[in-house]
Amino acid sequence: MKSLLFAGNSVVEVVDAPMPEPADGELLIRIRVSALCGSEMGSFRSGQGMPGGNGGHEFAGEVVDANGQPGFSEGDRVGVHAVIGCGECAYCRADHAIFCEQQSYCGNAHAEYKTAPAHHCVKLPHDIDWPTGVLIAGDAMGVAYHLADRVGIRGD
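These figures come from a predicted structure and were not determined experimentally. (Residues numbered from 1 in each chain as written. Predicted model: local features only at pLDDT ≥ 70, side-chain atom pairs only at ≥ 80, totals over all residues. Heavy atoms only, no water.)

## Focus: the overall build of the chain
Okay, step 1: Scanning the chain from N- to C-terminus turns up four helices and nine strands.
Okay, step 2: Helices and strands in the chain line up, N terminus first, as β-β-β-α-β-β-β-α-β-β-β-α-α.
Okay, step 3: Its C-alpha radius of gyration of 16 Å places the chain within 12% of the 15 Å reference for a compact globule of 156 residues.
Okay, step 4: Across its three principal directions, the C-alpha atoms of the chain cover 45 × 35 × 30 Å.
Okay, step 5: The buried share among the 156 residues of the chain stands at 40%.
Okay, step 6: Looking at the chain as shown, the accessible area adds up to about 8700 Å², and 52% of this sits on carbon and sulfur atoms.
Okay, step 7: Between the averaged position of the 10 positive side-chain charges in the chain and that of its 20 negative side-chain charges there is a distance of 3 Å. (Helix = DSSP H or I, 4+ residues; strand = E, 2+ residues; numbered from the N terminus. Rg over C-alpha atoms; globule rule 2.2 N^0.38 Å. Buried < 20%, exposed > 50% of the residue type's maximum accessible area, 1.4 Å probe, protein only. Areas by Shrake-Rupley, 256 points an atom, 1.4 Å probe, with all protein chains shown as cover. Lys, Arg positive; Asp, Glu negative; His and termini not counted. Charge placed at Lys NZ, Arg CZ, Asp CG, Glu CD.)

## Describing the pairing of strand β1 (residues 2–8)
Okay, step 1: Note that β1 and strand β2 (residues 11–16) share six bridges and pair antiparallel. Residue pairing across strands places G8 opposite V11, the latter belonging to β2.
Okay, step 2: What sits between β1 and β2 in their antiparallel hairpin is a turn of two residues, with N9 showing a positive phi close to 55°. (Pairing = 2+ DSSP bridges.)

## Observations concerning the sheet that holds strand β3 (residues 26–35)
Okay, step 1: Taken in spatial order, the five strands of this open sheet run β8-β3-β4-β5-β9, and their pairing is antiparallel. Each edge of the open sheet is held by one strand with a lone partner, namely β8 (113–117) and β9 (121–123). Neighbouring strand axes in the sheet, compared pairwise and without regard to direction, differ in orientation by 45° on average.
Okay, step 2: The pairing of β3 with strand β4 (residues 58–65) spans seven bridges and is antiparallel. Note on β4: the bridge partner recorded for V33 is A60. (Axes fitted to C-alpha atoms, helices over the stretch in contact; angles between N-to-C directions.)

## Re the packing of aromatic side chains
Ring pairs (aromatic) are described by centroid distance and by the angle formed between their planes.
Okay, step 1: Using the criterion set out here, one finds two aromatic pairs in the structure.
Okay, step 2: Ring centres of F6 and F44 lie 6.2 Å apart, and the angle between their planes is 75°; on these two criteria the pair is classed as edge-to-face. Here F44 lies in helix α1 (residues 41–45) and F6 lies in strand β1, a separation of 38 residues in the sequence. Here the two residues F6 and F44 agree in accessibility, since each one is buried.
Okay, step 3: Positioned over the ring face of W130 is R77, at 4.1 Å from the centre of the ring.
Okay, step 4: A cation sits over an aromatic face here: K123 above F72, 5.7 Å from the ring centre. (Phe/Tyr/Trp six-rings, centres within 6.5 Å; stacked < 30°, edge-to-face > 60°. Lys NZ or Arg CZ within 6 Å of the ring centre and 35° of its normal.)

## Things to note about helix α3 (residues 130–137)
Okay, step 1: Taken as a whole, α3 has its buried residues at W130, G133, V134 and A137. Down the axis of α3, the buried set is contained in an arc of 100°. They therefore lie on one face. (Arc of directions from axis to C-beta.)

## Observations concerning the pattern of salt bridges
A pair can form between side chains of opposite charge whenever their charged atoms are brought close.
Okay, step 1: Under the definition given, this model contains four salt bridges.
Okay, step 2: In this structure, R30 and E62 form a salt bridge, with 3.7 Å as the shortest nitrogen-oxygen distance. Taken together, the positions of R30 in strand β3 and E62 in strand β4 put the pair 32 residues apart, joining distant regions of the chain.
Okay, step 3: The exposure class assigned to R30 is partly exposed, which follows from its relative accessible area of 34%.
Okay, step 4: The salt bridge partner of K123 is D76, with a shortest N-O separation of 3.5 Å. In this pair, K123 sits in strand β9 while D76 sits in the loop between β4 and β5 (77–80), placing the two residues 47 residues apart along the sequence. (Salt bridge = Lys/Arg side-chain N within 4 Å of Asp/Glu carboxyl O.)

## A short note on the nonpolar core
Okay, step 1: With 15 residues, the main nonpolar core has L27, I29, F59, F72, V80, A116 and C121 as its most contacted residues.
Okay, step 2: Counting only elements with at least two residues in this core, the list comes to β3, β4 and β5.
Okay, step 3: At three residues, β3 tops the list of elements feeding residues into this core. (Core = buried A, V, L, I, M, F, W, Y, C linked by side-chain atoms within 4.5 Å.)

Now the structure itself:
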């Protein structure tokens, strides 16, 4: 599989990478779109780059292997939340993984394939294009939505 490597000094290389295999609770996704985030620019411009990969954490694609996860099938269109919660704490149980103290991130998505926890994947309708899907599921709209929700901003 092909993947990007942030080599440093504003250089990006296309490299061969091992095909990811989904662990328990994960899906294997064929990436259709991965967005560049401003938070990736530090690694892109630094002298060290990002050893072992790239910062890609905003992406959407098609499920290639549902790995027995209920509610998902091969061919489903999904977007993936950038912030991955533990799934067990009070924040995660309230669907606020962005505040989870054990949170992690789903990186290295500037590639052909990526695994992601099924509970952080959002099914995308067929009438939503890939660029819109990545905005809905990833960081861009998610950050604004969670901010508005946290401070109590409502449509009226």
